[in-house]
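Below, each chain spelled out in residue letters.
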Amino acid sequence: QVQLLESGGGLVQAGTSLRLSCAASGRDFSVYAMGWFRQAPGKDHEFVAGITWSGGSTYYPDSVKGRFTISRDNAKNTVYLQMNSLKPEDTAVYYCAASKGGSVWLSFFYDYWGQGTQVTVSS
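An account of the accompanying structure is given in this report. All values reported here derive from a predicted model rather than from experimental measurement. (Residues numbered from 1 in each chain as written. Predicted model: local features only at pLDDT ≥ 70, side-chain atom pairs only at ≥ 80, totals over all residues. Heavy atoms only, no water.)

### Describing the overall build of the protein
Stated precisely, the cut-off is as follows: Here a strand is any run of E in DSSP of at least two residues, a helix any run of H or I of at least four, and the numbering for each starts at the N terminus. Each radius of gyration is computed over the set of C-alpha atoms, and the globule rule expresses the reference value as 2.2 Å times the number of residues to the power 0.38. Buried, partly exposed and exposed residues are distinguished by accessible area as a fraction of the type maximum, computed with a 1.4 Å probe on protein chains only: under 20%, between the cut-offs, and over 50%, respectively. Computed with the Shrake-Rupley method and a 1.4 Å probe, the accessible areas treat only the protein chains shown as cover for residues. Positive residues here are Lys and Arg, negative ones are Asp and Glu, while His and the chain termini are left out of the count. To locate a charge, the coordinates of NZ of Lys, CZ of Arg, CG of Asp or CD of Glu are taken.
Broken down by element type, the protein carries 0 helices and 11 strands. Along the protein, from the amino end to the carboxyl end, the secondary structure elements read β-β-β-β-β-β-β-β-β-β-β. What you see for the protein is a C-alpha radius of gyration of 13 Å, in line with the 14 Å of a compact globule of 123 residues. In terms of its C-alpha atoms, the protein occupies a principal-axis envelope of roughly 40 × 25 × 25 Å. In the protein, which comprises 123 residues, the share counted as buried stands at 42%. Accessible surface, the protein as shown: approximately 6,300 Å² in total, 49% of it carbon and sulfur. In the protein, 10 side chains carry a positive charge and 9 a negative one; their mean positions are 4 Å apart.

And the structure:
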């Protein structure tokens, strides 16, 4: 069992940066691949970043590539999402999730989810 708690969301202006954190409690955090998803009102969950258990590989969709960076610190049981050059269309609730295996791109393969943190980007 893994519990996930996101933090770092808020209201920011377009063009600025924000860093989200996701603290994990429970056993064996380092064996899980981790991902960040977001959901805007009226839209489906959208994958925004994924990282393997070792941190050796990261994955991003085109919509955030070059602006967002996912990283993890297994010693601190924490995964981060650095978001730069934020746009109003990045406004959403951001969720972190842990996966035992399978494609990091698909929410189906994630076993544990946090409660989410709101990010609002004003123009």
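Let us keep going from here.
### What about the pattern of salt bridges?
Selection rule: When a carboxyl oxygen of Asp or Glu is within 4 Å of a side-chain nitrogen of Lys or Arg, the pair counts as a salt bridge.
Evaluated as defined, the whole model comprises 4 salt bridges. Linking Arg38 and Glu46 is a salt bridge whose minimum nitrogen-to-oxygen distance equals 2.8 Å. A salt bridge links Lys65 to Asp62, with the shortest nitrogen-to-oxygen separation between them at 3.6 Å.

### A look at the environment of Ala40
Defined as follows: Contact definition: two residues touch when any of their heavy atoms are within 4.5 Å.
Mapped onto the elements, Ala40 comes out in the loop between β4 (33-39) and β5 (46-51). Once the C-alpha coordinates of Ala40 and Tyr94 are considered, the two residues, 54 residues apart in sequence, prove to be 8.9 Å apart. Excluding its chain neighbours within four sequence positions, the residues that come into contact with Ala40 are Thr91 and Ala92.

### Remarks on the nonpolar core
Here is the rule: By nonpolar core is meant a set of buried Ala, Val, Leu, Ile, Met, Phe, Trp, Tyr and Cys residues that side-chain atoms within 4.5 Å join together.
Formed by 30 residues in total, the largest nonpolar core has its most connected members in Leu4, Met34, Trp36, Leu81, Met83 and Tyr94. Those elements that place two or more of their residues in this core are β1 (2-7), β3 (18-26), β4, β5, β7 (68-73), β8 (78-83), β9 (92-99) and β11 (117-122). The next biggest cluster of nonpolar side chains, apart from the first, holds 6 residues, and it includes Phe47, Ala97, Val104 and Tyr110.

### Quick look at the packing of aromatic side chains
Applied cut-off: Working definition: a ring pair exists when centres of Phe, Tyr or Trp rings (six-membered ring for Trp) sit within 6.5 Å. Plane angles under 30 degrees give stacked, over 60 give edge-to-face, the rest tilted. In this scheme, the term charge over a ring applies when either NZ of a lysine or CZ of an arginine sits within 6 Å of the ring centre and within 35 degrees of the ring normal.
Under the defined criterion, the tally for this structure stands at 8 aromatic pairs. Judged by centre distance (5.1 Å) and plane angle (55°), the rings of Phe37 and Trp113 are tilted. Within this pair, whereas Phe37 is found in strand β4, its partner Trp113 is found in strand β10 (residues 112-113), the two being separated by 76 residues in sequence. We classify Phe37 as buried; its relative accessible area is 2%. For the ring pair Tyr110 and Trp113, a centre distance of 5.9 Å and an interplane angle of 55° mean the geometry is tilted. Residue classification places Trp113 among the partly exposed residues on the basis of a relative accessible area of 29%. Positioned above the aromatic ring of Phe29 is the side chain of Arg72, whose terminal nitrogen or guanidinium carbon lies 4.6 Å from the ring centre.

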